[in-house]
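# Structure assessment
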Amino acid sequence: MSSSPPATTLDVELRPDSPAILHVDSPVDAQSWAAQYRESVRAQVTEHGALLVRGLGLREPSQAGAVFAGLAGDLMTEREAFAPREAYGPGLYSSTAWPANQPMCMHHELSYTHQVPGLMLFACLTAPAQGGATAVADAEQVLKALPAELTQRFEREGWLLTRSYNDEIGASLSESFGTDDRAEIERYCRANAIDFTWQPDGSLRTRQRRPAVVRHPVTGARCWFNQIAFLNEWTLAPEVREYLVDEYGADGLPFNTRFGDGGSIGEDVVQILNSTYDRHTRREPWQAGDLLLVDNIRTAHSREPFDGERRVVVGMAEPRRLDDSCPTPEASRR
């Protein structure tokens, strides 16, 4: 079998305000293209952190799934989801259910789990009428741009994710853990360093402490890698936050983040994080048929508000345990 063409032969467009874009001449059989150019495409993702492939004409979930598998191999089953998704097949999902008028700010997918996806794959089957870009930001640059005093604290302490599972907001127990069996959930939590407490009404509350800065397993670069801002109460729209606090109490929010020592993260800190992300954001409006590959450790991603129908399918691949790079804040100081 012939080897893939070198990455330098691919027509990659580089602009400061967008991810790298690879233009594919149409028509092309997308699955065959993925098999032929897998190594070249992956080299571009390693070099640039994210790559938008335009011209594949992806229209159906099964077609996108075949391309995902061709480029990345086996896809991961999502665990600890914070919001529901529709499953189209093993490891192939809809984008996260989230109000169209609300942004999903920059984050690294499943950064609070012990086994994180090293690669994210997105395919736009239907482009929105306006907005809705999956924007990206370089986590190495973001780390360097954040105030040193703040990042040093998070490196020392890590960050805490607190969750309160209920049947109204966010993912249910079965959606998050793949089961609603208490014994199985408890086994999962113990195996993944998650503190858990069953409430008198049968609901579950959890706490997990994770590193905020990790070393990239390939490049060795230090990356700001977490969901501190995205899952914090102060990123929510004010009216949404007020409703959730009134409904569930300050300690019973569906999800929230804290400093690693348990201290509250103020609105000012969240504003610093999100404004730094904003200054490093690169975006390219979706076109129907587009494919986007994102190095999930080096590159954060977001979803911007949109109008109209937006169909994006998602795959996660290359599972990595955090001890492959930086397991805990203590380990980073060894």
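Everything in this summary refers to the structure shown in the same document. Just so you know, the residues in each chain are numbered from 1, in the order the chain's sequence is written. Only residues with pLDDT of at least 70 get local features here, since the model is predicted, and only at 80 or more are side-chain atom pairs given and counted; chain-wide, interface and lining totals rely on the full set of residues. Working from all heavy atoms in the structure, the side-chain values ignore hydrogens and water.

### Remarks on empty space enclosed by the protein
Which entries qualify depends on this criterion: Computed over the protein atoms alone on a 1 Å grid, cavities are sets of points where a 1.4 Å probe fits but cannot get out and pockets are open sets with protein on both sides within 12 Å along at least five of seven lines; a residue lines them when it has an atom within 4 Å of a point. Grid points are joined across faces, edges and corners, and a volume is the space filled by probe spheres set on the points. Numbering of helices and strands starts at the N terminus; helices are DSSP runs of H or I of at least 4 residues and strands are runs of E of at least 2. Put simply, Ala, Val, Leu, Ile, Met, Phe, Trp, Tyr, Cys and Pro go in the nonpolar bin, Asp, Glu, Lys and Arg in the charged bin, and everything else, Gly too, in the polar bin.
The full count for this structure, using the stated rule, is five cavities of 30 Å³ or more. Considered as a void within the structure, the largest cavity measures approximately 140 Å³ in volume. Those elements giving two or more residues to the lining of the largest cavity turn out to be strand 6 (104-107), strand 18 (299-303) and strand 20 (311-321). Here the lining of the largest cavity takes three residues from strand 18, the largest share from any one element. Looking at side-chain class alone, the lining of the largest cavity contains four nonpolar, six polar and four charged residues. Its boundaries defined by the atoms lining it, the second largest cavity holds a volume of some 60 Å³. Taken together, Pro-19, Leu-52, Arg-54, Thr-134, Ala-135, Arg-282, Arg-283, Glu-284, Pro-285, Trp-286, Asp-290 and Leu-292 form the lining of the second largest cavity.

### Here we look at the sheet that holds strand 16 (residues 281-282)
Convention followed: Criterion used throughout: strands pair if DSSP finds at least two bridges between them.
Sheet architecture is open: four strands sit in the order 6-18-9-16, paired in antiparallel fashion. Of all strands in the sheet, those bounded by a partner on one side alone are strand 6 and strand 16. Note that strand 9 (residues 136-138) and strand 18 share three bridges and pair antiparallel. In the sheet register, Asp-138 faces strand 18, and the bridge partner there is Thr-299.

### Observations regarding the layout of surface pockets
Vacant regions in the atomic arrangement are exposed by a probe of water-molecule size rolled over the atoms. If you add up the space inside the largest pocket, you get close to 630 Å³. If you go around the largest pocket, you meet 33 residues; those closest to its centre are Trp-98, Gln-102, Pro-103, Met-104 and Leu-236. Counting residues per element, the ones that place at least two in the lining of the largest pocket are strand 6, helix 7 (238-248), helix 8 (267-279) and strand 18. Of the residues in the lining of the largest pocket, the class split is 22 nonpolar, seven polar and four charged.

### Some points on unusual backbone geometry
Although it is not a glycine, Leu-110 sits at a positive phi angle of roughly 55°. Look at Glu-318: it is not a glycine, yet its phi comes out positive at around 55°. Within the secondary structure layout, Glu-318 lies in strand 20.

### What to know about the sheet that holds strand 11 (residues 195-198)
Our working rule: For every element, the axis is a line fit to its C-alpha atoms; helices are fit only across the contacting stretch, and the angle between N-to-C directions ranges from 0 to 180 degrees. In this analysis, two residues are considered to be in contact whenever any of their non-hydrogen atoms come within 4.5 Å of each other.
Strand order across the open sheet formed by four strands is 11-12-10-15, with antiparallel pairing between neighbours. Because the sheet does not close on itself, it has two edges, and the strands there are strand 11 and strand 15 (255-259). On average, each strand axis in the sheet is tilted by 15° relative to the strand beside it, whichever way the strands run. Against the sheet, helix 4 (residues 148-157) touches strand 10 (159-165), strand 12 (204-210) and strand 15, its axis set at about 100° to strand 15. The sheet strands contacting helix 6 (residues 182-191) are strand 11 and strand 12, and the helix crosses strand 11 at an angle near 155°.

### Quick notes on the packing of aromatic side chains
Counted only if it meets this: Pairing of aromatic rings covers Phe, Tyr and Trp, the last through its six-membered ring, and needs centres within 6.5 Å; plane angles under 30 degrees mean stacked, over 60 mean edge-to-face, and all others mean tilted. Classification of residues uses two cut-offs on accessible area relative to the type maximum, computed with a 1.4 Å probe and protein chains only: under 20% is buried, over 50% is exposed, and between them is partly exposed.
Following the criterion strictly, the structure yields nine aromatic pairs and no others. Ring geometry for Phe-82 versus Phe-230: centroids 5.2 Å apart, planes at 85°, classification edge-to-face. Pair noted here: Phe-82 is in the loop between helix 2 (61-72) and strand 4 (87-89) and Phe-230 is in the loop between strand 14 (222-224) and helix 7, with a separation of 148 residues, a long-range link. In this structure, Phe-82 and Phe-230 share a single accessibility class: buried. Between the aromatic rings of Phe-154 and Trp-224, the centroid separation amounts to 5.7 Å while the plane-to-plane angle is 75°, which identifies the pairing as edge-to-face. Placement of the pair is Phe-154 in helix 4 and Trp-224 in strand 14, with a sequence separation of 70 residues. Residue classification places Phe-154 among the buried residues on the basis of a relative accessible area of 0%. Judged by relative accessible area, Trp-224 falls into the buried class, the value being 1%.

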